[in-house]
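# Understanding the architecture of this molecule
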Amino acid sequence: MSEVFEGYERQYCELSANLSRKCNSAALLDGEKKKQKVSEIKGGLDDAEALIRKMDLEARSLQPSLKAMFLAKLREYKSDLNNLKSEVSADQRGRLLMSTERINQSSDRIKESRKTMLETEELGVSILQDLHQQRQSLLHANNTLHGVDDNIGKSKKVLTAMSRRMSKNKWIIGSVIAALVLAIILILYFKLAH
């Protein structure tokens, strides 16, 4: 038996058990701790691959009778290592899918926010246009009221002048009537007196 191969084998078995424990504990973690644990696992996988290469070289250098037995063990260890790599890859794919899903959700929220912002902007523009039209209407009404106020002022002056003329005309007519009545009385007096 090869003591060198068995030394590598012991190291590999310890490392493999340690990696399995780390994989199980990494599944329970999240965030930075999980990234750190996955990084440790990847380093351990690299070390395990190096040990398998060393065992492969050692096994191939042995006598044919021992070689077949050691290569069979080596195939099992390679299979075990590939399973560990698959677990790590599956975990990374799962995290990648979760990250992609979160990014997609964030993108959807951003699109919704943008849509809401555009609708709000359109509503704001519409309100500003309505306010501008209302301002124009109010300015036009204000100008019309000033024109009406000017016309009312002119009408008031005309009515005041007409009222004065009517008063003057009443006095003139009253004076004429009084003069005629006085003239009739004087004519009657002189006619009856003679």
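Residues numbered from 1 in each chain as written. Predicted model: local features only at pLDDT ≥ 70, side-chain atom pairs only at ≥ 80, totals over all residues. Heavy atoms only, no water.

## Topic: the overall build of the protein chain
Rules: In DSSP terms, a helix is any run of H or I states spanning at least four residues, a strand is any run of E spanning at least two, and both are numbered starting from the N terminus. For this measure, only C-alpha atoms enter the radius of gyration; the expected value for a globule follows 2.2 Å times N^0.38, where N is the number of residues. Note on contacts: a residue pair is in contact if any heavy atoms of the two residues lie within 4.5 Å. Computed with a 1.4 Å probe, the accessible areas rest on the Shrake-Rupley method; for each residue, only the protein chains presented here act as cover. When charges are tallied, Lys and Arg are placed among the positive residues and Asp and Glu among the negative ones, while His and the ends of the chain are skipped. Where a charge lies is defined by one atom per residue type: Lys uses NZ, Arg uses CZ, Asp uses CG and Glu uses CD.
Tallying secondary structure elements over the protein chain gives three helices and zero strands in all. In terms of C-alpha radius of gyration, the protein chain reaches 57 Å, well past the compact-globule figure of 16 Å for 194 residues. Here the C-alpha coordinates of the protein chain stretch approximately 190 × 25 × 15 Å along the principal axes. Put simply, 73% of the contacts in the protein chain that link residues at least 6 apart link residues at least 24 apart. Of the accessible surface of the protein chain, which amounts to about 15,300 Å², a share of 60% is contributed by carbon and sulfur atoms. A gap of 19 Å separates the mean positions of the 32 positive and 25 negative side-chain charges of the protein chain.

## Topic: a nonpolar patch on the surface
For the record, the criterion: A patch is a set of surface residues, each over 30% in relative accessible area and not in a salt bridge, joined within 9 Å for like charges and within 5 Å for the nonpolar side chains Val, Leu, Ile, Met, Phe, Trp and Tyr. A carboxyl oxygen of Asp or Glu within 4 Å of a side-chain nitrogen of Lys or Arg is what we treat as a salt bridge. Using a 1.4 Å probe on the protein chains alone, a residue whose accessible area is under 20% of its type maximum counts as buried, one over 50% counts as exposed, and one in between counts as partly exposed.
A cluster of nonpolar side chains, Leu123, Ile127, Leu128 and Leu131, forms an exposed patch at the surface whose accessible area comes to about 400 Å². Inspection of the secondary structure assignment puts leucine 123 in helix α3 (residues 64-193). Residue class for leucine 123 comes out exposed when judged on its relative accessible area of 53%.

## A look at the pattern of salt bridges
Taken as a whole and judged by the stated rule, the model has four salt bridges. In this structure, lysine 22 and glutamate 40 form a salt bridge, with 3.5 Å as the shortest nitrogen-oxygen distance. On the criterion of sequence distance, the pair formed by lysine 22 in helix α1 (residues 3-28) and glutamate 40 in helix α2 (residues 32-60) is long-range, its members being 18 residues apart.

## Focus: the side chain of glutamate 58
Inspection of the secondary structure assignment puts glutamate 58 in helix α2. Ignoring anything within four residues of it in the chain, the contact list for glutamate 58 reads Ser2, Val4 and Phe5.

## Overview of the UniProt feature "transmembrane region" (unreviewed entry) in the protein chain
To keep things clear, this is the line we draw: UniProt positions are given in the numbering used here, feature names are shortened, and annotations may be inferred rather than shown by experiment.
In the numbering used here, UniProt assigns the feature "transmembrane region" (unreviewed entry) to residues 171-190. Across residues 171-190, helical content stands at 100% and strand content at 0%; the span's end C-alpha atoms are separated by 28 Å.

## Some details on the environment of arginine 60
Assignment of secondary structure puts arginine 60 in helix α2. Distance from arginine 60 to leucine 186, taken between C-alpha atoms, is 171 Å for residues 126 residues apart in sequence. Aside from chain neighbours lying at most four places away, what touches arginine 60 is Lys67 and Leu71.

## Focus on the packing of α1 against α2
As a reminder, the rule being used: The angle between two axes is taken between their N-to-C directions and runs from 0 to 180 degrees, where each axis is a line fitted to C-alpha atoms and a helix contributes only its stretch in contact. Each angle is binned into one of four classes, with values under 35 degrees roughly parallel, values over 145 roughly antiparallel, values of 65 to 115 roughly perpendicular, and all other values oblique. Crossings are classed by handedness, with left-handed meaning an anticlockwise turn of the near helix from the far one by less than a right angle and right-handed meaning a clockwise turn. Amino acid classes used here: Ala, Val, Leu, Ile, Met, Phe, Trp, Tyr, Cys and Pro are nonpolar; Asp, Glu, Lys and Arg are charged; the rest, including Gly, are polar.
The contact between α1 and α2 brings their axes to 9 Å, and the two run at 160°. The orientation of α1 with respect to α2, classified from their angle, is roughly antiparallel. Of the two elements, α1 crosses α2, and the hand of that crossing is left-handed. Class assignment of the residues belonging to the contact of α1 with α2 gives a composition of 16 nonpolar, three polar and eight charged.

## Some thoughts on a negative patch on the surface
Together, Glu101, Asp108, Glu112, Glu119, Glu121 and Glu122 make up a region of like negative charge exposed at the surface. Relative to the assigned elements, glutamate 122 resides in helix α3. What makes glutamate 122 exposed here is its relative accessible area of 58%.

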